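# Tertiary structure, described
Next come the chains, spelled out residue by residue.
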Amino acid sequence: MRPVFLHGLALALLACDAGVSDSSGGGGAGAGAGQGGACVEAGAPCQITFHYPLGSEQSVELRGDFAPDGWDNGIPLEIDAGEWRITLSLPNDSVVRYKYLVDGSEWVTDPTNPVQEDDGLGGLQSVRSVSCGASCDGAGGQGEGGSYNPGPGEFDWRSAVLYFVFVDRFANGDPANDDPVAGVETPANYQGGDYAGLLEQIEAGYFDDLGVNALWLTVPADNPGVSGPGSDGHAYSAYHGYWPSNLEAVEEHFGDMALLKQVVDAAHERGIKVLLDYAMNHVHIDNPLFTEQPDWFWPLDFDGRYCVCGDGCSWDGYDGRRCWFRDYLPDWNFQNPQARAASIDNALWWIQQTGIDGYRLDAIKHIETVWVEELRQRVNAEVDQTTGRFYMVGETFETGNRDVIRQYVGSDLLDGQFDFPLRGAIVEHVLRRSGTMFDLDNFLATNDGYYPGIMSTFIGNHDIARVIQTALDQPWGTWDNGGSSNWTNTPSLPTNRAPFERLALGFTFLMTTQGIPLIYYGDEIGMAGSGDPDNRRFMQWTGTTADQDWLREQVQLLGQIRKDNPALWRGIRITVYVSNDVYAYRMTDGEDVVHVAFNRSDTLQPVEGLPPEATDLLTGEPFTGPTSMLPPRSALILAP
Ligand SMILES: [Ca+2]
Ligand SMILES: [Ca+2]
Ligand SMILES: [Ca+2]
C-alpha cells in the first residue's frame, strides 16, 4: 500500500481487494506505473470481492455491468465469515456499476459502498472502480508519464501553491514610476503597481501567511508607453506586459533589472519560487526586431487574407499559429530557425539574469510546438536544476477538449498546463451549484491522472470574470467565462457571507487535491469584477469587509493545512461519498490519510464514509464519524 513516485503524478499500488473504502466513482484513484516494472496492465484480471451484511434474507445476487448479461443473470453471494460475499475476476482499470437483488425481488444498492449514481431509471446504482495494482501506462491509464522525479534536496513542484501577482495591479511601492498613458481610461491603463510594492509584500510575509510558495509575475519585458485599440474599441495600454517592445530591458513602470533580481532573491530567501510570464507569440510593432528582421515574423497578409486572429484568419489550427492577435502585434514565425533561436536565447537570458525557477508560457496553442521542445532542451542543457526542476506551465485556454491541453504536456515539453476543464467543473458544480456532485465525481474520475505532468488547478484568472460572481446566490454569466470583455458591468462586492463561503469550498478543493493551486490576486478576498478589464481592479489592501477577512483567513488556513499534510498534494484521491450536494474523498499517501468533505448546498446535509475518530483541521475540534451532518456551505478536513 505504500505509494511510489516515479513521475510527477502520485503513483500507488492498491491492494486488490482493498474493500469498499477503495471504491471510487469511476476509476478516480488514478494509479500509475509501479516500481521496478511491477505494474499491472489495464485489463489484466483483478480479484474483487463484493460484500453484503448478513441479515434475515435468504439470498443475495450481484447484478450489474460486469458481464454483458450481468443485469439479467446475477451471481449469487455466499455466506462467508459472517457476511455475504463473492469474489469476481474483473479487468484492472475498469469500473463496475451494480446492485444487489435480495430474495429475488428487492433491488438495493451496496450498503457498504457510499459511491452511487443515478441508474437512469429514477433510482440509484452502486459504482466501484477495479484496481489491483498500478497500471503500466501512466496514471488513470491515460498519461504518457513524465520524467519528474525530484531527488533529495530538490524542490517538489507538487507541493507548490502559486499566486498570480499581476504586477501593475498588485502593490504600488513607488509612485514616481506610475506614469499612465495619455488617452487610456483607468481600467486599461497603468495603475501603479511595481516591483517595489511586491518586494514590500514579500518581506511583510503576505505570501507566507497564505501558504504560497511560488509566485507568477506578469511579463517583465519592456513594453511601449503607447495606446492601442482593443477589439472592443477601447484604447488600451500595455499594463499587462503582453506587448514586448524591448526583450532585453525591464518595464520601467515596474522597476529595473536590479529590483527584479531583488524580488527574486527576497522570495528565495523565504523559500518562495518565482515564475515569470513569458510572451513568445508576438512582439509589439515598435519592437526594432520587427523592422530589422522581417523574416522572423509572419506577414500580416496571408495569401490575400488580412491575417488578424478572428478577422481574416481563424484563431484555430494553422491560422491560429500564424495570425496576429492585433494588427500592431507581429507574430513570431518559429518555423524560421534563426527566429526560434533568437527567441529561445532571450528566454534563457531572462532565466540567467534573474535566477527564476520557472516560466508561465502564454498562448501555447498559438505558437509552433518546436519552440517549446527546444526551450526545454536548452533549459535542461544550460540551466542549473540541482535544487529543483525548472518548471514550465503553459496556458491553453480550452475548456472542453482536454487532448488539446494534454498534447503539450510531457517531460520534453511543458511540465503542466492550467487545468481549464477542471476549473469549469468546480465552478459549475460547486460554486454555481448546477448539476450534482455526481457530475463532479464523474468528471474527476476521468480527469485525475489525465495529464502526464503537474497541472496548475485554479478557479480564477485574469481572462475570466472574478470567480465570486459565479458564487453569488444568483450567479450570472456562463460557467466558463461569466462575462468577457466588459466595461459597463462593474459589480460590487457581495454583502452576504454565502458567496465567500462558496469560494472557500472552491479553494478547499484546490488545496486538498493534486495539482498546483493557483490563487489569482484578490480572489483570496473575493474581489468582485466582470470580464477583462474589470477582473483586474487594483488589489484591495484596506477597507476589507468582515466577509473578505474571513475568506482570507480560510485560504491562509488551507495553505497551512496543505503544507502540513503532504497527502493533500501527493496522495491519491479516492471518492468515499457522493450525494447531490455533498462530496467526500480521501487523500492517501502511504500511512497518511486525510479525508475531505464539503456541502455545496444551503441546507444541512448528511455525509458518510468518514473515519470514526479524527480531528477537523479547519476547526481543530475532534470529529466523530463515520457519518455526520454538514452545515450549509461548509467543509471538513479530517486527519487522525
Ligand atoms: Ca508605481
Ligand atoms: Ca515601457
Ligand atoms: Ca503565433
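See the structure above.
Calculation rules
Residues numbered from 1 in each chain as written. Chains lettered and ligands numbered in written order. Predicted model: local features only at pLDDT ≥ 70, side-chain atom pairs only at ≥ 80, totals over all residues. Heavy atoms only, no water. Disulfide = S-S within 2.5 Å. Helix = DSSP H or I, 4+ residues; strand = E, 2+ residues; numbered from the N terminus. Buried < 20%, exposed > 50% of the residue type's maximum accessible area, 1.4 Å probe, protein only. Contact = heavy atoms within 4.5 Å. Polar contact = N/O pair within 3.5 Å; in protein donor to acceptor, adjacent residues only side chain to side chain. Donors = N, O, S within 2.8 Å, 3.2 Å for Na, K, Ca; no water. Tetrahedral: all angles 85-135°; square planar, octahedral: opposite > 155°, others 65-115°. Pairing = 2+ DSSP bridges. Axes fitted to C-alpha atoms, helices over the stretch in contact; angles between N-to-C directions. Expected span 1.5 Å × (residues − 1). Arc of directions from axis to C-beta. Phe/Tyr/Trp six-rings, centres within 6.5 Å; stacked < 30°, edge-to-face > 60°. Core = buried A, V, L, I, M, F, W, Y, C linked by side-chain atoms within 4.5 Å.

Our next topic: the state of the cysteines. Summed over the entire model, instances satisfying the criterion amount to 2 disulfides. Shown here is the disulfide that connects C309 with C323, its sulfur atoms set 2.0 Å apart. Torsion about the S-S bond of the C309 and C323 cystine: about 95°, corresponding to right-handed handedness. Taken together, the residues span a long stretch of sequence, with C309 in the loop between β18 (305-306) and α6 (317-322) and C323 in the loop between α6 and α7 (337-354) at a distance of 14 residues. Among the residues examined, C309 registers a relative accessible area of 7% and is labelled buried.

A few words now on the environment of R402. Secondary-structure assignment places R402 in helix α9 (residues 402-406). In this structure R402 comes out as buried when scored by relative accessible area, which is 16%. C-alpha of R402 to C-alpha of Y451: the two residues are 49 residues apart in sequence and 8.8 Å apart in space. Excluding its chain neighbours within four sequence positions, the residues that come into contact with R402 are P421, F443, T446, N447, Y450 and Y451. At 3.1 Å, the side chain of R402 forms a polar contact with the side chain of T446.

Further remarks concern the coordination of the calcium ion (ligand 2). For the calcium ion (ligand 2), the full set of protein donor atoms is D222 (OD), N223 (O), E251 (OE), E251 (OE), E252 (OE) and E252 (OE), and the range of their distances to it is 2.3 to 3.0 Å. Around the calcium ion (ligand 2), the 6 donor atoms are arranged such that angles at the metal cover 46 to 162°; this shape is classified as irregular.

A separate point is the sheet that holds strand β1 (residues 45-53). Across the sheet, 3 strands lie side by side as β1-β5-β4; this open sheet has antiparallel pairing. Taken across any chain shown, the strands that pair with only one partner, and hence form the sheet edges, are β1 and β4 (78-80). The average angle at which neighbouring strand axes cross in this sheet is 45°, direction not considered. Here β4 pairs with strand β5 (residues 83-91) via 3 bridges, running antiparallel.

With 14 residues, helix α8 (residues 369-382) should reach 20 Å at 1.5 Å per residue; the first-to-last C-alpha distance of 20 Å fits that figure. Those residues of α8 not exposed but buried are W371, V372, L375, R376 and V379. Looking straight down α8, one finds that the buried residues subtend no more than 135° of arc, so they occupy a single side. Exposed and oriented more than 90 degrees from the buried face of α8 are Q377 and A381. Buried residues belonging to α8 abut β16 (273-278), α7, β19 (358-361) and β20 (391-394).

Around the calcium ion (ligand 3), the protein contributes the donor atoms N281 (OD1), R321 (O), D331 (OD), D331 (OD) and H366 (O), which lie 2.2 to 2.7 Å from the metal centre. Each donor residue of the calcium ion (ligand 3) belongs to the same chain, and together they define the spacing N-x39-R-x9-D-x34-H. Remark: H366 occurs in the loop between β19 and α8 and D331 occurs in the loop between α6 and α7; sequence separation between them is 35 residues. Summarising the burial analysis for this pair, D331 and H366 share the class buried.

Another point: the packing of aromatic side chains. Per the counting criterion, the structure on display carries 43 aromatic pairs. Considering the side-chain rings of F50 and Y98, the 5.0 Å spacing of their centres and the 80° angle between planes classify their relative orientation as edge-to-face. On the criterion of sequence distance, the pair formed by F50 in strand β1 and Y98 in strand β6 (residues 94-102) is long-range, its members being 48 residues apart. We classify F50 as buried; its relative accessible area is 1%. Aromatic side chains F297 and W332 sit 4.7 Å apart centroid to centroid with 35° between the ring planes, which places their arrangement in the tilted category. With a gap of 35 residues between them, F297 in the loop between α5 (288-292) and β17 (301-302) and W332 in the loop between α6 and α7 connect regions that are remote in the sequence. Residue W332 is classed as buried on the basis of its relative accessible area of 3%.

We now examine the nonpolar core. Within the largest apolar cluster, 144 residues are counted, with the highest numbers of intra-cluster contacts made by Y163, F207, Y359, W371 and F598. Considering every element that reaches this core, the biggest residue donor is helix α12 (residues 498-511), with 8 residues. Not counting residues within four places of it along the chain, the set of residues in contact with W371 comprises Y278, M280, F334, R340, S343, I344, A347 and L361.

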